[in-house]
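Working through the structure, step by step
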Amino acid sequence: MNQNVNSPSVALVTGSSSGFGPLVSVALAREGYQVIASMRNMQNKEMLATVASEAGVYDRIEIVSLDVTDFAAVESVMHDVINRYGRIDVLVNNAGFATGGFVEELSLEEWERQFATNFFGLVAVTKAVLPIMRTQRSGKIINISSISGRVGFPAMGPYVASKFAVEGFSESLRLEMLPYGVYVVLIEPGSFKTNIWSKGLQGVSVRSDSPYAKEMKTIVQYVNRVVKTAPPPDEVIRQIIKVVQSPTPRLRYPVGRGVTLTLRLKNWLPWKWWEWIVMKSLK
């Protein structure tokens with residue numbers, strides 16, 4: 001283990017090829033971290049390499065291959081990082097994707113694939129960093145959740161369920177790790193300009209004779225409208241950096257236009273009223 005007093009703080013980011021991943025990796029490198037940016041497909045590293053070079057931090061980012069659903073690979077990569085750097089100070093669990101469709105028409109294999117990445121992959125990577133963070137008695141585990149981890153939405157069942165699972169896991173883990181100075185944090189973005197929703201709905205093929213064809217068309221139109229007017233993800237990146245800088249970050253950080261209001265309405269209104277608002281918004 002090569003830890004020494006002068007070694008830089010180390011941050012590990014999963015899913016760093018798209019979405020928030022490249023931007024978080026560069027922002028952490030700017031903060032002085034040695035960033036281990038992992039991605040499933042190394043052929044997609046160009047975006048991160050370009051953004052990092054433009055920001056002048058390419059030398060502080062190491063891009064590694066990691067499929068979070070390959071648990072043996074997770075163990076191997078973590079062992080290698082800890083062996084070479086002697087520490088992991090920040091973990092950003094960003095790897096994930098969205099599966100869309102109506103529950104009746106989604107195969108169980110699609111549910112399994114969704115949970116394999118969004119939940120079990122996140123748990124595997126987190127488990128692998130816990131021993132070093134516990135020993136250090138310091139560290140931050142930042143789980144990229146979503147407003148979908150607090151609010152259900154039709155035709156997004158697998159994604160919503162996986163994010164609800166991440167929320168419950170994070171609550172439990174936070175309470176386990178606080179005595180060791182390790183903070184577990186949930187970032188809960190609303191709609192931002194990333195490709196997660198468009199990619200999630202691209203794969204949805206609704207048969208013309210499907211009983212849900214009309215509803216699915218409406219939902220796709222709604223999502224496209226939201227994505228078109230969504231802001232760039234700068235606010236999410238700023239919030240993650242604030243969490244990293246904070247000595248005692250709180251558990252949840254909702255981020256984005258209307259997110260806090262949405263959560264308050266869902267929590268305060270009778271369910272029937274909330275239901276009416278959601279159904280009306282889709283008409």
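All of these numbers come straight from a predicted model, not from anything done at the bench. (Residues numbered from 1 in each chain as written. Predicted model: local features only at pLDDT ≥ 70, side-chain atom pairs only at ≥ 80, totals over all residues. Heavy atoms only, no water.)

1. Describing the overall build of the protein chain
Helix and strand counts for the protein chain come out as ten helices and seven strands. Here the C-alpha atoms of the protein chain give a radius of gyration of 19 Å, agreeing with the 19 Å that 2.2 N^0.38 yields for 283 residues. Here the C-alpha coordinates of the protein chain stretch approximately 60 × 40 × 35 Å along the principal axes. Taken across its 283 residues, the protein chain has 49% of its residues classed as buried. Intrachain contacts of the protein chain at a sequence separation of at least 6 include 75% that bridge at least 24 residues. When the accessible surface of the protein chain is split by element, carbon and sulfur atoms take 54% of a total near 14,200 Å². Of the side chains in the protein chain, 31 bear a positive and 24 a negative charge, and the two mean positions are spaced by 8 Å. (Helix = DSSP H or I, 4+ residues; strand = E, 2+ residues; numbered from the N terminus. Rg over C-alpha atoms; globule rule 2.2 N^0.38 Å. Buried < 20%, exposed > 50% of the residue type's maximum accessible area, 1.4 Å probe, protein only. Contact = heavy atoms within 4.5 Å. Areas by Shrake-Rupley, 256 points an atom, 1.4 Å probe, with all protein chains shown as cover. Lys, Arg positive; Asp, Glu negative; His and termini not counted. Charge placed at Lys NZ, Arg CZ, Asp CG, Glu CD.)

2. Looking at the nonpolar core
Counting 35 residues, the largest nonpolar core has Met78, Ile88, Met133 and Ile141 as the members making the most contacts within it. Of all the elements, helix H4 (residues 108–136) adds the most residues to this core, at eleven residues. If we ignore the near neighbours within four places in the chain, the residues touching methionine 78 are Leu12, Ile88, Val125, Ala128 and Val129. (Core = buried A, V, L, I, M, F, W, Y, C linked by side-chain atoms within 4.5 Å.)

3. Structural notes on the pattern of salt bridges
Scanning all chains against the criterion turns up seven salt bridges. Arginine 252 is the salt-bridge partner of glutamate 171, the closest N and O atoms lying 2.7 Å from each other. Placement of the pair is glutamate 171 in helix H5 (residues 157–177) and arginine 252 in strand E7 (residues 252–255), with a sequence separation of 81 residues. (Salt bridge = Lys/Arg side-chain N within 4 Å of Asp/Glu carboxyl O.)

4. Brief notes about the sheet that holds strand E3 (residues 61–65)
Pairing is parallel in the open sheet, where seven strands are placed in the order E3-E2-E1-E4-E5-E6-E7. Of all the strands in the sheet, just E3 and E7 have a single pairing partner and so form its edges. Strand-to-strand twist across the sheet, computed as the mean angle between neighbouring axes with direction ignored, equals 15°. Pairing geometry for strand E5 (residues 139–144) and strand E6 (residues 182–189), over six bridges, is parallel. When the bridges of E6 are listed, isoleucine 141 appears paired with valine 184. Those strands touched by H5 are E5, E6 and E7, and its axis lies near 155° from that of E6. (Pairing = 2+ DSSP bridges. Axes fitted to C-alpha atoms, helices over the stretch in contact; angles between N-to-C directions.)

5. Examining unusual backbone geometry
With a phi close to 60°, arginine 137 is a non-glycine residue in the positive phi region. Although it is not a glycine, alanine 155 adopts a positive phi angle of roughly 70°. Structurally, alanine 155 is set in the loop between E5 and H5. Take alanine 155: its relative accessible area is 6%, and that puts it in the buried class.

6. Considering the packing of helix H1 (residues 21–30) against helix H8 (residues 234–245)
At their nearest, the axes of H1 and H8 sit 10 Å apart, and the two run at 40° to each other. Considering their axes alone, H1 and H8 lie oblique with respect to each other. As H1 packs across H8, the resulting crossing turns out to be right-handed. Together, Leu23, Val24, Ala27 and Leu28 of H1 and Ile237, Ile240, Ile241 and Val244 of H8 make up the contact between the two elements. A per-class count over the contact of H1 with H8 returns eight nonpolar, no polar and no charged. (Parallel < 35°, antiparallel > 145°, perpendicular 65-115°, else oblique. Left-handed = near helix turned anticlockwise from the far one by under 90°. Nonpolar A, V, L, I, M, F, W, Y, C, P; charged D, E, K, R; others polar.)

7. Here's the deal with the UniProt feature "domain: Ketoreductase" (unreviewed entry) in the protein chain
In the UniProt entry, the feature "domain: Ketoreductase" (unreviewed entry) is given for residues 9–190. As a span, residues 9–190 carries 47% helix and 18% strand, and end to end its C-alpha atoms are 30 Å apart. (UniProt positions renumbered as here; feature names shortened; annotations may be inferred.)

8. Structural notes on the environment of tyrosine 183
Examined against the element boundaries, tyrosine 183 turns out to sit in strand E6. The spatial distance from the C-alpha of tyrosine 183 to the C-alpha of glycine 139 is 6.4 Å, given a sequence separation of 44 residues.

9. Considering the pairing of E7
Here E7 shows a buried face lined by Tyr253 and Val255 and an unburied face lined by Arg252 and Pro254. Pairing between E6 and E7: four bridges, direction parallel. Bridging across to E7, glutamate 188 finds its partner in proline 254.

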